[in-house]
Amino acid sequence: MNGSRIAAVGHYQPARVLTNEDLAGMVDTSDEWITSRVGIRTRHIAGPDEPVDELAAHAAAKALASAGLAPGDIDLVLVATSTAVDRSPNMAARVAARLGIPSPAAMDINVVCAGFTHALATADHAVRAGASARALVIGADKMSDVTDWTDRTTCVLVGDGAGAAVVEASAEPGIGPVLWGSVPEMGHAVRIEGQPARFAQEGQSVYRWATTRLPAIARGACERAGYAPEDLAGVVLHQANLRIIEPLAEKLGAVNAVVARDVTESGNTSAASIPLAFSKLVEQGRVCSGDPVLLFGFGGNLSYAGQVVRCP
């Protein structure tokens, strides 16, 4: 075995749906204002009795079931999240306990909106190095916990959810080389900080960076995997804002690809957004087994990470 692949994916969203009309009753906004600026129409919001690890465990259980695996088949659990309330036990250990995974290595990865693609690369490296046979990689965030619901510039953006992937050894590489990095001196542009922690961002700075700097980096991720953008069957960008996703995808040049636009239904779910959107494309049959799909995360810390994967 000289590579790794995604064997299965799964996702989960809380039952409660918050519409733009609902938000218009909470803050000074409207459906027209929100859809024209960010393209979001609905988002799912978890209740006070639905912690991050519960969202993550639901998505992970679906991925395991789709792969036909038992919890004992997993030896590495990675959870990408930036909304953990407690420092220890970490989310990965809590998810492992919920699922009954007996003795895994269990780590959280906090790269905010680029967390899942960082975690996926880490799992790929661990499997190819022989440190893991099968890894469970999860992106899960409860952004509603860190949102100021009186601030119309941020509360209209966020949603809660989780997505997961099972990564296992493969004779043929199914996860391409990662291209990752950050702009640490601009880390203040997206923040979750303070007591209580609150999400804030410099929207125009993020928009300019994402639409001008990231297309070339996304093309670089394709090149590392040996693909031209027009070879892609799917593109799953971090679901931040439709006004970022559409110009970024256009500048990438993936003219034959299905572009995920789950942000319209789910809002910005941070580390959950890529696996959530990817799992939906697979479930809906909009991408097929073996298809090359670019996963590209970006955002908090002005970090980015992308790789081309083969669909399970």
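Residues numbered from 1 in each chain as written. Predicted model: local features only at pLDDT ≥ 70, side-chain atom pairs only at ≥ 80, totals over all residues. Heavy atoms only, no water.

> Talk me through the side chain of Thr83; I want residue IDs and the actual numbers.
Counting through the fold element by element, Thr83 comes out in the loop between strand S4 (76-80) and helix H4 (91-99). A polar contact is formed between the side chain of Thr83 and the backbone nitrogen of Lys142, at a distance of 3.0 Å. (Helix = DSSP H or I, 4+ residues; strand = E, 2+ residues; numbered from the N terminus. Polar contact = N/O pair within 3.5 Å; in protein donor to acceptor, adjacent residues only side chain to side chain.)

> Explain the sheet that holds strand S11 (residues 234-237) to me, using residue names and the numbers behind them.
Strand order across the open sheet formed by five strands is S8-S14-S13-S11-S12, with mixed pairing between neighbours. Of all strands in the sheet, those with a lone pairing partner are strand S8 (179-182) and strand S12 (258-259), marking the two edges. Taken together, the two bridges between S11 and S12 define a ladder with parallel strand orientation. Residue pairing in the sheet places Gly234 in a bridge with Val258 of S12. (Pairing = 2+ DSSP bridges.)

> Can you lay out helix H9 (residues 242-252) for me, pointing to particular residues and giving the numbers?
Since there are 3.6 residues in each turn of an α-helix, residues three or four apart along the chain are aligned in direction. Those residues of H9 that fall on the buried side of the exposure criterion are Leu242, Ile244, Ile245, Leu248, Ala249 and Leu252. For H9, the buried positions fall inside an angular range of 155 degrees around the axis, keeping them on one side. Capping the start of H9, Asn241 holds a side-chain oxygen 2.7 Å from the backbone nitrogen of Arg243, two or three residues further along. Looking at the residues trailing H9, positive phi occurs at Gly253, about 90 degrees. (Buried < 20%, exposed > 50% of the residue type's maximum accessible area, 1.4 Å probe, protein only. Arc of directions from axis to C-beta.)

> A description of the sheet that holds strand S7 (residues 160-170) should follow, citing residues and the corresponding values.
The five strands lie next to each other as S1-S7-S6-S4-S5, forming an open sheet whose pairing is mixed. Each edge of the open sheet carries a strand with a single partner, namely strand S1 (3-12) and strand S5 (105-109). Averaged over neighbouring strand pairs, the angle between their axes works out to 20 degrees when direction is ignored. Direction of pairing for S4 relative to S5: parallel, over a ladder of five bridges. In the sheet register, Leu76 faces S5, and the bridge partner there is Ala105. (Axes fitted to C-alpha atoms, helices over the stretch in contact; angles between N-to-C directions.)

> Report on the pairing of strand S10 (residues 198-201), specifying residues and quantitative values.
As judged from the four bridges shared by strand S9 (residues 190-193) and S10, these two strands associate in the antiparallel manner. If you follow Arg191 over to S10, its bridge partner there is Ala200. From the end of S9 to the start of S10, which pair antiparallel, there are four residues, and Gly194 there has a positive phi angle of about 95 degrees.

> Explain the packing of helix H7 (residues 203-212) against H9 residue by residue, including any values.
In contact at an axis separation of 9 Å, H7 and H9 are set at 20 degrees when each is read in the N-to-C sense. By the criterion of interaxial angle, the relationship of H7 to H9 is roughly parallel. Crossing handedness for the pair H7 and H9: right-handed. Contact residues: Val206, Tyr207, Ala210 and Thr211 in H7; Arg243, Ile244, Pro247, Leu248 and Lys251 in H9. When grouped by side-chain class, the residues that make up the contact of H7 with H9 number six nonpolar, one polar and two charged. (Parallel < 35°, antiparallel > 145°, perpendicular 65-115°, else oblique. Left-handed = near helix turned anticlockwise from the far one by under 90°. Contact = heavy atoms within 4.5 Å. Nonpolar A, V, L, I, M, F, W, Y, C, P; charged D, E, K, R; others polar.)

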